[in-house]
Amino acid sequence: MKIAFFSAKPYDKDFFNRQNKTFNYDIQYWETHLGPHIVNAIDEGTEVVCVFVNDKLTAEVITVLAIKKVKVIALRCAGFNNVDLDAARKQGIKICRVPAYSPEAVAEHAVAMLLTLNRKTHKAYNRVREQNFSLNGLLGYNLHGKTVGVIGTGKIGKAFCRIMTGFGCKVLAYDPYEDRELQASGIHYLPFQELLGCSDIISLHCPLTVENHYLINENTLKKIKKGVTIINTSRGGLIHTDDVISALKTGQVGYLGIDVYEQEEKLFFKDLSGSIIDDDKIQRLMSFPNVLVTGHQAFFTEDAMEQIASITLNSIHALENGISPSDPAVILV
Ligand code: NAD
């Protein structure tokens, strides 16, 4: 079976080729992302397209996939805000994803961002390499005793809650669906607006939906504690970038760690070190000493990559053979 694999990076090829030894699929790796510019070039006979977070599966793209008789869209990620599910449903194309592949990978990266921003280890690393052992400007704060507000307590948010509890933080949460196990472990759920006002640190772990687009905006930023640390490893569209820049300028936001960015598809996963970046917002963000940007790497651990490749190929195999995957959350359409 032929699979057109978009947004392919060398590490994707390593992990998928290794797992594909069991299946022997004909995987054609495309470096470009999938979008209207390339969809017509997909080979006849391709039955599956395998895509990632910044591939654009609009109704227009899905219509062409249907004409080409593509049967499955295999997302090798959890989020699916980049796919028009209704269009796929109408065209009879099945969609599978990797709903959980190591929530700890993402949760641990959120913690890494928090610790880096707070304890400034990235600055210390550069400083001591130049034999500058001064501590000026490296002052941090204890996590122990701080209040952490977690927005979204699904798989990743829950893993993050557990880690922060281990640090001795008071953990508050907001999620329309409260998790009994977390409650039993001492985590308190609060309404969203209340959580904003109580938290020293806010970490976003909900998916991007129409309802929560720009969840962090001018109005909600007014409700947060002055000097708050915000960490976003979920999706860029949860934060209104201009509004958070204004809040950083006034000190309302004390630290910002983002692994995701609204306009990331033009930037992330690419080496642009020799290019002029035509995005003034990301440049402004990166100019703040209290902002840390990573390029959507929270998922990127060996453990997670192995699971992503294995779950994706097993789901394709199941769909090919008309079997339901053991985890129903794998199938979106
Ligand atoms: P999940 O589906 O297990 O949990 C999401 C939770 O968010 C659910 O409990 C849901 O009820 C809750 N939720 C929905 N809307 C909400 C809102 N407005 N406010 C508060 N809670 C809300 O998902 P997950 O596996 O924990 O992943 C969370 C998100 O992390 C994904 O949607 C994806 O966008 C992101 N993600 C990022 C990376 C990365 O590498 N940076 C990797 C994987 C996932």
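Relevant structure appears above.
No experiment lies behind these values; they were computed from the predicted model shown. (Residues numbered from 1 in each chain as written. Predicted model: local features only at pLDDT ≥ 70, side-chain atom pairs only at ≥ 80, totals over all residues. Heavy atoms only, no water.)

**What about the pattern of salt bridges?**
Applying the stated rule across the entire model yields ten salt bridges. R162 is paired through a salt bridge with E181; the nearest N and O atoms lie 3.2 Å apart. A residue pair is termed long-range when its members are at least 10 positions apart, and R162 in helix α6 (residues 155–166) and E181 in helix α7 (residues 180–184) qualify at 19 residues. The closest approach of N and O atoms between D242 and K281, which form a salt bridge, is 3.4 Å. Of this pair, D242 sits in helix α10 (residues 241–250) while K281 is found in helix α11 (residues 280–287), placing the two residues 39 residues apart along the sequence. By relative accessible area, which is 33% here, K281 ends up partly exposed. The structure contains a network of salt bridges with shared partners spanning K158, R162, D179 and E181. (Salt bridge = Lys/Arg side-chain N within 4 Å of Asp/Glu carboxyl O. Helix = DSSP H or I, 4+ residues; strand = E, 2+ residues; numbered from the N terminus. Buried < 20%, exposed > 50% of the residue type's maximum accessible area, 1.4 Å probe, protein only.)

**Remarks on the packing of aromatic side chains**
The full count for this structure, using the stated rule, is ten aromatic pairs. Each residue in the set Y11, F52, F269, F299 and F300 is aromatic and connected to the rest through ring pairs, giving one cluster. The positively charged end of R18 is found above the aromatic ring belonging to F15, 4.8 Å away from the centroid. Here R284 stacks its cationic end above the ring of F288, 4.2 Å away from the centre of that ring. (Phe/Tyr/Trp six-rings, centres within 6.5 Å; stacked < 30°, edge-to-face > 60°. Lys NZ or Arg CZ within 6 Å of the ring centre and 35° of its normal.)

**Re the pairing of strand β7 (residues 170–174)**
Across five bridges, strand β6 (residues 147–151) lies against β7 in parallel orientation. By the bridge assignment for β7, I151 is matched with Y174. As a crossover connection, the stretch from β6 through α6 into β7 is right-handed. When β7 meets strand β8 (residues 188–189), the two strands line up parallel, connected through two bridges. Within β8, the residue paired with A173 across the bridge is Y189. (Pairing = 2+ DSSP bridges. Right-handed = clockwise from strand over helix to strand, strands pointing away.)

**Re the layout of surface pockets**
In this structure, the largest pocket spans a volume of roughly 1,400 Å³. Looking at the largest pocket, it is lined by 49 residues, and the ones nearest its centre are G79, C206, P207, L208 and R235. Of all the secondary-structure elements, those providing two or more residues to the lining of the largest pocket are α4 (103–119) and α6. Residues that form the lining of the largest pocket fall into these classes: 23 nonpolar, 17 polar and nine charged. Lining the lining of the largest pocket are residues from two domains, each supplying at least three of them: domain 1 (2–101 + 301–330) and domain 2 (103–293). S7, K9, H33, F268 and F269 are, among the 15 residues lining the second largest pocket, the residues nearest its centre. Looking at side-chain class alone, the lining of the second largest pocket contains five nonpolar, four polar and six charged residues. When residues of the lining of the second largest pocket are sorted by domain, at least three fall in each of domain 1 (2–101 + 301–330) and domain 2 (103–293). (1 Å grid on protein atoms, 1.4 Å probe; cavity = no way out; pocket = protein on both sides within 12 Å on 5 of 7 lines; lining within 4 Å. Points joined across faces, edges and corners; volume = space filled by probe spheres on them. Nonpolar A, V, L, I, M, F, W, Y, C, P; charged D, E, K, R; others polar. Domains from an automatic or database assignment.)

**A closer look at the site of the ligand**
In the vicinity of the ligand lie 24 residues, with Y101, K155, I156, D175 and T233 positioned nearest. Residue F299 places a main-chain N or O atom 3.1 Å away from an oxygen atom belonging to the ligand. In the complex, the protein chains occlude 85% of the 860 Å² of accessible area that the ligand would expose alone. Assessed atom by atom at 2 Å from the grid points, the ligand resides in the largest pocket. A class-by-class count of the residues in the shell around the ligand yields twelve nonpolar, eight polar and four charged. (Near = heavy atom within 4 Å. Polar contact = N/O pair within 3.5 Å; in protein donor to acceptor, adjacent residues only side chain to side chain. Areas by Shrake-Rupley, 256 points an atom, 1.4 Å probe, with all protein chains shown as cover. Sits in = over half its atoms within 2 Å of the grid points.)

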